Amino acid sequence: LILKCQKGQYFEKKGQAILYDKVSAIKEDLTFVADTLKFYSDSNQLLGIGKSHTWTSDYDLKADTIRVYTELDSGIALKNVVLIQNKQKIESDKIIYKNYPNVKKLSYSAVGNVQIQDSTIFSESEIADYNGLNESTILQGNPKIFDQSRMLSGNEIKLTYIDKSL
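Just so it is clear, the structure is predicted and the values come from calculations on it, not from any experiment.

*Asks:* Explain the overall build of the protein to me, please; I cannot follow it from the model alone.
*Replies:* Check the secondary structure of the protein and you find zero helices and 14 strands. When its helices and strands are written in sequence order, the protein yields β-β-β-β-β-β-β-β-β-β-β-β-β-β. Based on the C-alpha atoms only, the size of the protein along its principal axes is roughly 55 × 30 × 25 Å. A total of 166 residues make up the protein; the buried ones form 40% of that total. Contacts spanning at least 24 positions in sequence make up 26% of the contacts within the protein whose residues lie at least 6 apart. Per element, the accessible surface of the protein, about 9,400 Å² overall, is 49% carbon and sulfur. Looking at the protein, you have 21 positive and 21 negative side-chain charges, and the mean spots of the two groups are 5 Å apart.

Here it is as structure tokens:
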């Protein structure tokens, strides 16, 4: 893990660093930038505060705040969350994600005002759980799918993908 900044503080007893100004963290394919970045060395966590943005070749995630667990290749994004992956744009209040870089798959749970824009459909719900390993999404909480002039709604809607296409 490589951390870069113009200004920073390191608290040795706590194993914490706070980085400011032109902040970035890079680990293999993962890049993470934010206005302020806190690093917790004991738990290998990065916390981005303000204009947080993390990405790999498989996904692009932006939010007001993002916590990344670098050893687990997973994290939590809060407030004004936008995730782009598999040619989809997912917006919500919160996203919890897990990346599987060896198989180039990402799974996530999006909660609160979820909107998913795909090349063929637009959906909205309160919860969306996407399993990247079996390529399926379950929409819950007043889910609706809009496709051209049609609308589908119900208690729960399951979307299945084949080779990243709906």
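*Asks:* Just to check I follow, could you spell out the nonpolar core for this structure?
*Replies:* Nonpolar side chains tend toward joint burial in soluble globular proteins. Judged by nonpolar contacts, the single largest core of 33 residues is most densely connected at Leu61, Leu83, Ile95, Tyr97 and Tyr108. No other element matches strand S9 (residues 105-117), which puts five residues into this core. When near neighbours in sequence (up to four residues on either side) are disregarded, Tyr97 contacts Thr54, Tyr59, Leu61, Val68, Asp73, Ser74, Gly75, Ile76, Leu106, Ser107 and Tyr108.

*Asks:* Whenever I open this one, unusual backbone geometry confuses me. Can you help?
*Replies:* Glycine aside, negative phi is the norm for most residues, and most peptide bonds take the trans geometry. Backbone geometry places Asp21, a non-glycine residue, at a positive phi of 60 degrees. Checked against the element boundaries, Asp21 lands in strand S3 (residues 16-27). One non-glycine residue, Asn142, lies in the positive phi region at around 55 degrees.

*Asks:* Help me understand the packing of aromatic side chains in this model?
*Replies:* Each aromatic ring pair is specified by the distance between its two centres and by the angle formed by the two planes. By the definition in use, this model includes three aromatic pairs. Note on Tyr59 and Tyr97: the rings are 5.5 Å apart at their centroids and 55 degrees apart in plane angle, and the pair reads as tilted. Placement of Tyr59 in the loop between strand S5 (45-55) and strand S6 (60-69) and of Tyr97 in strand S8 (residues 88-100) is noted, with a sequence separation of 38 residues between them. Lying across the ring of Tyr100, Lys98 places its NZ or CZ 5.3 Å from the centre.

*Asks:* Is there a simple way to think about the pairing of S9 in this case?
*Replies:* When a strand is regular, its side chains alternate between the sheet's two faces. Where S8 lies against S9, 10 bridges are found, and the strand directions are antiparallel. The residue bridging Ile95 from the neighbouring strand is Ala110, located in S9. Counting the residues in the hairpin turn of S8 and S9 gives four residues, including Lys104, whose phi is positive at 55 degrees. What sits between S9 and strand S10 (residues 122-131) in their antiparallel hairpin is a turn of four residues.

*Asks:* Mind showing me how you'd approach the environment of Ile84 here?
*Replies:* Relative to the helices and strands, Ile84 resides in strand S7 (residues 74-85). Ile84 sits in the partly exposed class, given a relative accessible area of 42%. For the pair Ile84 and Trp55, spaced 29 residues apart in sequence, the C-alpha to C-alpha distance is 9.4 Å. With residues up to four places along the chain from it excluded, the contact list for Ile84 reads Asp58, Tyr59, Asp60 and Lys89.

Reading the values: rules and limits
Residues numbered from 1 in each chain as written. Predicted model: local features only at pLDDT ≥ 70, side-chain atom pairs only at ≥ 80, totals over all residues. Heavy atoms only, no water. Helix = DSSP H or I, 4+ residues; strand = E, 2+ residues; numbered from the N terminus. Buried < 20%, exposed > 50% of the residue type's maximum accessible area, 1.4 Å probe, protein only. Contact = heavy atoms within 4.5 Å. Areas by Shrake-Rupley, 256 points an atom, 1.4 Å probe, with all protein chains shown as cover. Lys, Arg positive; Asp, Glu negative; His and termini not counted. Charge placed at Lys NZ, Arg CZ, Asp CG, Glu CD. Core = buried A, V, L, I, M, F, W, Y, C linked by side-chain atoms within 4.5 Å. Phe/Tyr/Trp six-rings, centres within 6.5 Å; stacked < 30°, edge-to-face > 60°. Lys NZ or Arg CZ within 6 Å of the ring centre and 35° of its normal. Pairing = 2+ DSSP bridges.

Remember, this is a structural readout, not a statement about activity or role.
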